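Results of the structural survey
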Amino acid sequence: MDLNHRKATGEDRISNLPESLIHHILAFLEFKHVAQTRVLSKRWSYIWTSVPILDFVERAFYDPDSSHLQAHQFMDFVDGTLLGRDKMSDIHKFSLTQLNPLNEYRVSSWITNVTKRNVQELILSLSQEDPFIVPMSLCTCVSLISLEIGVTPSIRFPKFSFSKLKRLVLKGFQFSNECWNEKFFSECPVLEYLILEQCTYGVRNFYISSGTLKLLDIYQWEDSLRNCALKLHAPNLVYLNYRGRVAREFVLPNSPKLVDANVYFFEEHVATREQRISYGTSISQFLRALTHVKRLAVSDATLEVLSFADNLLENLPTFYNTKQLVVTVGEIDDKAVIALLKAIPNLESLIFDMASFTDLSTLQAYHHLLSN
């Protein structure tokens, strides 16, 4: 059949594609627009009910004049979608993003619904009026591979066990004695990626224990780790990214498989000499766990922290395996950089990621020191 004939007959070539390929195409759309395809033809009237990726985003229902109406319409749409869904079709990914508070009971019912459909990836980003308690149906979901939850003001988990979970992202999670202990992450026997962002650590000792963990990313702007000891047991860790305040204590055994570490300590006021000594001890504990890395990245704030911690620059550990040092700079401390370079005897590459670094004579001096 030639092109002119297809034009003349109005042949719908997209509708004749295999259902799996149509599902792949629809995966690039927000789900509100996916649902609108049901009016195209008889075949399309049911294809949308079996799409494996459900992405519910609030902007598709944006009404600047009435946030209450927006949230109400949003919840009705999600309810209707899950109710009308093909009962035999699994859900591979369920994503829910909403800035207006939603009814907690309805959200929990949606989560329970998708966990019965062998969901593999779940993303939940909500702004609620009260702490959100994750339903037990999610905590025992055996099909889940990737879980990302961020809820304002906070979220809480009952005890959970994820036998297949490889990626876990927690944003705004409250770690407290009531809902957390040192076996928390060990209940994920194949976990490889763990990201903790702006969580609250209401415990004296915070343990991360996982024999399968490969990537750990901790971002903590608030000061809740200052009175907490961070203890890590992850012998197969490859990548570590730490952006936060200095914890009361770091118990981080040296991991021989650790290849890449990024350290961004935030500056804070340390008044007395005793505080500076304690501060320096904690940082030293952290740095000694990184001596096997091949690539080390530090921020200008980290260099500042190294400088005012008591006697730390004179007692840095030696990074024998480190080949590349990346310094993210604004205003940097020369003494800290020089001390760090001396602690990396086999360095091959020094990179300044410059935001406002323009002192070329200082930069040349660093290269000269490196070459010698």
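Thresholds applied
- Residues numbered from 1 in each chain as written.
- Predicted model: local features only at pLDDT ≥ 70, side-chain atom pairs only at ≥ 80, totals over all residues.
- Heavy atoms only, no water.
- Helix = DSSP H or I, 4+ residues; strand = E, 2+ residues; numbered from the N terminus.
- Buried < 20%, exposed > 50% of the residue type's maximum accessible area, 1.4 Å probe, protein only.
- Contact = heavy atoms within 4.5 Å.
- Areas by Shrake-Rupley, 256 points an atom, 1.4 Å probe, with all protein chains shown as cover.
- Core = buried A, V, L, I, M, F, W, Y, C linked by side-chain atoms within 4.5 Å.
- Phe/Tyr/Trp six-rings, centres within 6.5 Å; stacked < 30°, edge-to-face > 60°.
- pLDDT = per-residue confidence, 0-100.
- Pairing = 2+ DSSP bridges.

Moving on to the overall build of the chain. Per the secondary structure count, the chain includes 11 helices and 17 strands. Put simply, the chain has 372 residues, and 48% of those count as buried. Look at the contacts in the chain between residues 6 or more apart in sequence, and 59% of them connect residues 24 or more apart. On the chain, roughly 18400 Å² of surface is accessible, and the fraction owed to carbon and sulfur atoms is 52%.

Quick look at the nonpolar core now. If you look at the biggest cluster of nonpolar residues, it comprises 97 residues, and the most contacted ones within it are Phe157, Leu196, Ile208 and Leu290. With six residues, helix α5 (residues 67-83) is the single largest residue contributor to this core.

On to unusual backbone geometry. Of note in this structure, Asn118 is not a glycine but carries a positive phi near 60 degrees. Tracing the backbone through its elements, the reader meets Asn118 in the loop between α6 (104-115) and β3 (121-127). According to the relative accessible area criterion, Asn118 is partly exposed, its value standing at 38%. Phi at Gln198 takes a positive value of approximately 50 degrees, unusual for a residue other than glycine. Structurally, Gln198 can be placed in the loop between β7 (193-197) and β8 (200-202).

Here Cys228 is to be found in the loop between β10 (215-220) and β11 (229-233). Sequence separation of Cys228 and Ala247 is 19 residues, and the distance between their C-alpha atoms is 5.9 Å. In contact with Cys228, other than residues within four places in its own chain, are Tyr201, Val203, Arg204, Asn205, Phe206, Ala247, Arg248 and Glu249.

So, on to the environment of Lys214. By the element assignment, Lys214 lies in the loop between β9 (205-209) and β10. Taking the C-alpha atoms as reference points, Lys214 and Asn236, separated by 22 residues in sequence, lie 5.8 Å from one another. If we ignore the near neighbours within four places in the chain, the residues touching Lys214 are Glu192, Asn236, Leu237, Val238 and Tyr239.

A separate point is the packing of aromatic side chains. Counted by the stated rule, this structure contains 15 aromatic pairs. Look at Phe173 and Phe175: their rings are 4.4 Å apart centre to centre, the planes differ by 70 degrees, and that puts the pair in the edge-to-face class. Judged on exposure class, the residue Phe173 and its partner Phe175 are both buried. On the numbers, 5.4 Å between centres and 15 degrees between planes, the contact of Phe175 with Tyr201 is stacked. Of this pair, Phe175 sits in strand β6 (residues 167-176) while Tyr201 sits in strand β8, and the two are 26 residues apart along the sequence. Three or more aromatic residues joined by ring pairs make a cluster, and in this case those are Phe173, Phe175, Phe185, Tyr201 and Phe206.

Right, let's talk about the confidence of the model for the chain for a bit. Confidence along the chain averages 79 in pLDDT terms, with 74% of residues attaining 70 or more. Low confidence marks residues 356-372, where pLDDT is under 50. Its contacts with residues over four positions away, or in another chain, come to 23 contacts.

Glancing now at the pairing of β11. Two elements, β9 and β11, share five bridges in a ladder whose sense is parallel. Residue pairing across strands places Ser209 opposite His233, the latter belonging to β11. By the bridge criterion, three bridges tie β11 to strand β13 (residues 249-251) in an arrangement that is parallel. From the neighbouring strand, Leu230 faces β13, where its bridge partner is Phe250.

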